[in-house]
Structures are given as C-alpha cells and as structure tokens.
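Spelled out from the first residue to the last, the chains are:
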Amino acid sequence: MKSYKIGLLMNSNLEKEKNSGLLELDDKKEEFEEECNDEDKVFDVLSLRKMIKMKRRRANAACLELEQERMATATAAEETMGMILRLQNEIGRSIENVI
C-alpha cells in the first residue's frame, strides 16, 4: 500500500511538472504570438504607408498630366481663335476690295 501511495505521489508530481511545463510553453507561445502580431501590425503599417506614397505619387503625376493637357488645350483654343480672327479680317478686306 505504501508503494502505491508513493507511486501516486510521483505521478501527481509528474503531472504538476508536466502542467507547469505546458503552462510555460503556453506563456511562451502567447508571448511569441503577441510579438508576431506586433510585427505584423508594424509590417502592415509600413506597407500601408508605402501604398499611400505610391498612390499619392500616381495622383500627383495624373494631376500634372491633366494640367499639361489643360494648358495644351487652352493654347490650341487661343491659336484657333487667332486663326478665325485672321480669316475674318481677310474676308472683310476681300469684300471691301470687291465693292
């Protein structure tokens, strides 16, 4: 009977050691997961910042291109109006010469 009690005590002690070891592993696992989550958050923030910078550059490039197109259109409109005025003047002069 005494050996049976010693065996139970040994099993009990082994279970306690096993459980404490598992708890330590669980704690370490949780710490590791928290660190990974923090790293993921940092990585996500950095990647989002890079994406925002790229989007801003593209938007700025598009705005610059749009402004250049607007200026080219304005120049073409001015040249067209100049040509129309010259033609009207020439037509007016030719009509005066006929009369």
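Before any of the text, the structure's been laid out above.
Conventions and cut-offs
Residues numbered from 1 in each chain as written. Predicted model: local features only at pLDDT ≥ 70, side-chain atom pairs only at ≥ 80, totals over all residues. Heavy atoms only, no water. Helix = DSSP H or I, 4+ residues; strand = E, 2+ residues; numbered from the N terminus. Buried < 20%, exposed > 50% of the residue type's maximum accessible area, 1.4 Å probe, protein only. Areas by Shrake-Rupley, 256 points an atom, 1.4 Å probe, with all protein chains shown as cover. Patch = residues over 30% accessible without salt bridge, like charges linked within 9 Å, V, L, I, M, F, W, Y side chains within 5 Å. Salt bridge = Lys/Arg side-chain N within 4 Å of Asp/Glu carboxyl O. Lys, Arg positive; Asp, Glu negative; His and termini not counted. Charge placed at Lys NZ, Arg CZ, Asp CG, Glu CD.

## Some remarks on the overall build of the protein
So, step 1. Helix and strand counts for the protein come out as one helix and zero strands.
So, step 2. Residues counted as buried form 0% of the 99 residues belonging to the protein.
So, step 3. When the accessible surface of the protein is totalled, it reaches about 9,700 Å², and 60% of it is carbon and sulfur.

## Concerning a positive patch on the surface
So, step 1. Where like charges cluster on the molecular surface, the positive patch consists of Arg49, Lys50, Lys53 and Arg57.
So, step 2. Following the sequence through the fold, Arg49 ends up in helix 1 (residues 2-98).
So, step 3. Exposure remark for Arg49: the relative accessible area of 54% places this residue in the exposed category.

## Describing the pattern of salt bridges
So, step 1. Counted according to the given criterion, the structure contains one salt bridge.
So, step 2. Its salt-bridge partner being Glu67, residue Arg70 comes within 2.7 Å of it at the nearest N-O pair. Taken as a pair, Arg70 and Glu67 lie in helix 1 at a separation of three residues, close to a single helical turn.
So, step 3. The exposure class assigned to Glu67 is partly exposed, which follows from its relative accessible area of 35%.

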